[in-house]
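# Fold and geometry: a report
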Amino acid sequence: MDKLAKISKAAGNSFAIWVLLFAVLAMIFPDAFKWIAPYISILLGIIMFGMGLTLSFSDFKAVLKQPISVFIGVAAQFIIMPGVAYLLATSLELSPEVAVGVILVGCCPGGTASNVMTFLAKGNTALSVAVTSVSTLLAPFLTPALTYLLASKWLPVSGKDMLFSIFQIVLVPILLGLLVKFIFKEKVSQGTKALPLISVVTIVAVVAAVVSSNKDKILESGLAIFGVVVLHNSFGLLLGFLAAKVLKLPYEDQKAISIEVGMQNSGLGAALATAHFSPLAAVPSAIFSVWHNISGPLLATYWSKRAHKIKGSSMTGQESLKQ
């Protein structure tokens with residue numbers, strides 16, 4: 001089990017590389033990955049089940065200890081990213097499928113990778129976990145409602161069908177995971193060591209499936225969509241940070257909310273786009289999955305190094321005072 005845990009940890013640390021590698025492979029050998037497409041919802045369900053296995057009451061302690069910070073993080077998640085997506089889709093006059101795809105990924109909750117990035121950035125990890133958990137539990141209601149409100153001008157949106165899909169993909173697997181954890185406590189705690197590896201494999205499979213199924217459309221308009229995704233992610237990171245800063249939250253909370261807002265559950269976006277719209281609508285989610293796993297680690301590394309410099313300067317100052 002220890003060896004598996006080490007492999008799992010290594011896979012989690014190199015997540016961005018695997019996503020990028022298999023996205024490229026899916027472009028070169030699309031037929032090798034197209035068969036995965038019908039199983040995207042199941043793969044997302046596996047990830048959510050794993051999330052349920054790892055959740056505990058302690059994850060929600062931050063809600064009780066820092067209710068205002070958690071509220072700000074969740075509100076920023078469901079206001080900033082959908083709002084930025086709508087403005088980008090409108091101002092850049094995106095095609096209906098791409099516009100809906102960008103809005104859909106913007107209306108999704110934060111991704112679990114944000115918790116790891118917050119930890120690496122020396123941010124408030126407990127706050128990040130709480131915001132991810134609360135936003136994920138609210139997603140079955142808020143994601144369909146926001147998508148209907150913002151995307152209906154481009155394509156017909158069935159909020160009821162999307163609500164049912166998210167219940168199946170998100171809420172039911174999470175509740176099953178919690179139930180399994182409650183029944184098999186010790187055995188589950190050992191098995192969760194492999195969850196990062198399972199998450200990497202499933203997300204990589206989802207990205208490969210979407211990319212392989214949309215090779216021609218990505219080659220045709222992929223560069224433009226990539227630009228939109230980069231803007232969407234960048235504005236999310238920036239505005240999330242500024243929102244927390246303006247509301248005078250601690251610096252560690254500012255970093256957590258920035259990453260939480262900027263990094264989306266793009267796998268869920270891809271699954272919903274494939275099921276309810278068109279394959280092209282899933283492309284923004286697939287590209288988002290690749291990009292935010294590059295921008296997230298880069299930002300986390302910057303903040304981590306900055307935290308070390310601040311700590312080093314503080315230690316030097318204390319030593320000078322002692323002398």
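Attention in this report is confined to the structure presented alongside it. Values in this document were obtained by computation on a predicted structure and should not be read as measured data.

Cut-off values and rules
- Each chain carries its own residue numbering, running from 1 in the written order of its sequence.
- Owing to the predicted nature of the model, reporting of local features is limited to residues with pLDDT of at least 70; listing and counting of side-chain atom pairs is limited to 80 or more, with chain, interface and lining totals taken over all residues.
- As a rule here, side-chain values come from all non-hydrogen atoms in the structure, and water together with hydrogens is ignored.
- By definition, any uninterrupted DSSP run of H or I lasting at least four residues is a helix, any uninterrupted run of E lasting at least two residues is a strand, and each is numbered from the N terminus.
- For the purposes of these results, a polar contact is taken to be a pair of N or O atoms within 3.5 Å, where, inside protein, one atom must be able to donate a hydrogen and its partner to accept one; residues adjacent in sequence count only when each atom of the pair is a side-chain atom.
- Whether two residues are in contact is decided by their heavy atoms, any of which lying within 4.5 Å being enough.
- The criterion for an aromatic pair is that two Phe, Tyr or Trp rings (for Trp, the six-membered ring) have centres within 6.5 Å, with stacked assigned to planes under 30 degrees apart, edge-to-face to planes over 60 apart and tilted to the rest.
- Two limits define a charge over a ring: the Lys NZ or Arg CZ must be within 6 Å of the ring centre, and within 35 degrees of the ring normal.
- By definition, no residue in a patch forms a salt bridge, and every one has over 30% relative accessible area; like charges are joined within 9 Å, nonpolar side chains (Val, Leu, Ile, Met, Phe, Trp, Tyr) within 5 Å.
- Each accessible area value is a Shrake-Rupley result obtained with a 1.4 Å probe; residue values ignore everything except the protein chains displayed when judging cover.
- Any Lys or Arg side-chain nitrogen located within 4 Å of an Asp or Glu carboxyl oxygen qualifies as a salt bridge.
- Here an axis means a line fitted to C-alpha atoms, over the contact stretch when the element is a helix, while the angle between two N-to-C directions is reported on a 0 to 180 degree scale.
- The labels follow the angle: roughly parallel below 35 degrees, roughly antiparallel above 145, roughly perpendicular from 65 to 115, and oblique for the rest.
- For a crossing to be left-handed, the near helix must be turned anticlockwise from the far one by less than a right angle; the clockwise case is right-handed.
- Each residue is assigned to one class: nonpolar for Ala, Val, Leu, Ile, Met, Phe, Trp, Tyr, Cys and Pro, charged for Asp, Glu, Lys and Arg, and polar for all the others, Gly among them.
- Accessibility here uses a 1.4 Å probe with only protein chains present; expressed as a share of the type maximum, an area under 20% marks a residue as buried, one over 50% as exposed, and anything in between as partly exposed.
- Here, a disulfide means two cysteine sulfur atoms that sit within 2.5 Å of each other.
- Positive residues here are Lys and Arg, negative ones are Asp and Glu, while His and the chain termini are left out of the count.
- The span one expects for a helix is its residue count, reduced by one, times 1.5 Å.
- Here the bend at a residue is taken as the angle between two axes, fitted respectively to the seven residues that end there and the seven that start there.
- Here the nonpolar core consists of buried residues drawn from Ala, Val, Leu, Ile, Met, Phe, Trp, Tyr and Cys, with membership extended through side-chain atoms lying within 4.5 Å.

### Here's the deal with the side chain of His 292
Structurally, His 292 can be placed in helix H15 (residues 283-322). Side-chain polar atoms of His 292 contact the backbone nitrogen of Gln 264, separated by 3.4 Å. Once you skip the residues sitting within four places of it in the chain, His 292 turns out to touch Asn 233, Met 263, Gln 264, Ser 266 and Pro 297.

### Describing the packing of aromatic side chains
Using the criterion set out here, one finds 6 aromatic pairs in the structure. Measuring from ring centre to ring centre gives 5.6 Å for Phe 226 and Trp 291, while their planes differ by 85 degrees; the resulting arrangement is edge-to-face. Taken together, the residues Phe 226 in helix H12 (residues 215-246) and Trp 291 in helix H15 connect sequence positions 65 residues apart. Within the aromatic cluster, the residues linked to one another by ring pairs are Phe 241, Tyr 251 and Trp 303. Sitting over the face of the ring of Trp 154, Lys 153 holds its NZ or CZ atom 4.9 Å from the ring centroid.

### So, a nonpolar patch on the surface
Taken together, the side chains of Phe 49, Val 172, Leu 176, Leu 179, Phe 182, Ile 183 and Phe 184 define a hydrophobic patch exposed on the protein surface, amounting to about 680 Å² of accessible area. The dominant element in the nonpolar patch, judged by the number of residues it contributes, is helix H9 (residues 159-183), at 5 residues. Position of Phe 182 relative to the elements: it lies in helix H9.

### Section: the packing of helix H3 (residues 40-54) against H9
Two packed helices can be described by the angle between their axes and the distance between those axes. Two elements in contact, H3 and H9, have axes whose closest approach is 7 Å; the angle formed by their N-to-C orientations is 40 degrees. The orientation of H3 with respect to H9, classified from their angle, is oblique. H9 is crossed by H3, and the crossing has right-handed handedness. Residues Ser 41, Leu 44, Gly 45, Met 48, Phe 49, Met 51, Gly 52, Leu 53 and Thr 54 of H3 pack against Ile 169, Val 170, Pro 173, Ile 174, Leu 176, Gly 177, Leu 178, Val 180 and Lys 181 of H9. Among the residues making up the contact of H3 with H9, the classes are represented as 12 nonpolar, 5 polar and 1 charged.

### A word on the environment of Phe 33
Note that Phe 33 resides in the loop between helix H2 (15-28) and H3. Take Phe 33: its relative accessible area is 13%, and that puts it in the buried class. If we ignore the near neighbours within four places in the chain, the residues touching Phe 33 are Phe 22, Leu 25, Ala 26, Ala 208, Ala 209 and Ser 212.

### Quick word on the state of the cysteines
With the rule as written, the count across this model stands at 0 disulfides. Counting only cysteine sulfurs, Cys 108 is the nearest neighbor of Cys 107, a cysteine outside any disulfide, at a range of 7.4 Å. Residue Cys 107 is classed as buried on the basis of its relative accessible area of 0%.

### Describing the side chain of Glu 260
When you line up the elements, Glu 260 lands in helix H13 (residues 251-262). Nearest to the buried, unbridged Glu 260 among oppositely charged side chains is Lys 255, at 14 Å. When near neighbours in sequence (up to four residues on either side) are disregarded, Glu 260 contacts Gln 77, Gly 110, Ser 114, Asn 115, Ser 128, Val 131 and Thr 132.

### A word on helix H8 (residues 125-151)
Taking 1.5 Å of rise per residue, 27 residues should cover 39 Å, yet H8 covers just 33 Å from first to last C-alpha, more than 12% shy of that figure. Along H8, the largest kink reaches about 65 degrees and is centred on Ala 139; proline Pro 140 follows within four residues of it. Backbone nitrogen of Ala 126 and a side-chain oxygen of the N-cap are separated by 3.4 Å at the start of H8; the cap is Asn 124.

### Observations regarding the nonpolar core
Counting residues in hydrophobic clusters, the biggest one holds 83 residues, and the most contacted among them are Ile 103, Val 211 and Ile 257. Considering each element in turn, this core owes the most residues, 11 residues, to helix H5 (residues 67-91). Other than its neighbours up to four places away in sequence, Val 211 contacts Ala 23, Ala 26, Met 27, Ile 218 and Ala 286. Met 117, Phe 241, Met 263 and Trp 303 belong to the second largest nonpolar core, which has 8 residues in total.

### A short note on the packing of H3 against helix H14 (residues 266-276)
Taken N-terminus to C-terminus, the directions of H3 and H14 make an angle of 150 degrees; their axes are 9 Å apart at the nearest point. The angle between the axes of H3 and H14 places the two elements in the roughly antiparallel class. The chirality of how H3 crosses H14 is left-handed. Taking contact as the criterion, the partners of Ile 40, Ser 41 and Leu 44 in H3 are, on H14, Gly 267, Leu 268, Ala 271 and Thr 274. Class assignment for the residues of the contact of H3 with H14 results in 4 nonpolar, 3 polar and no charged.

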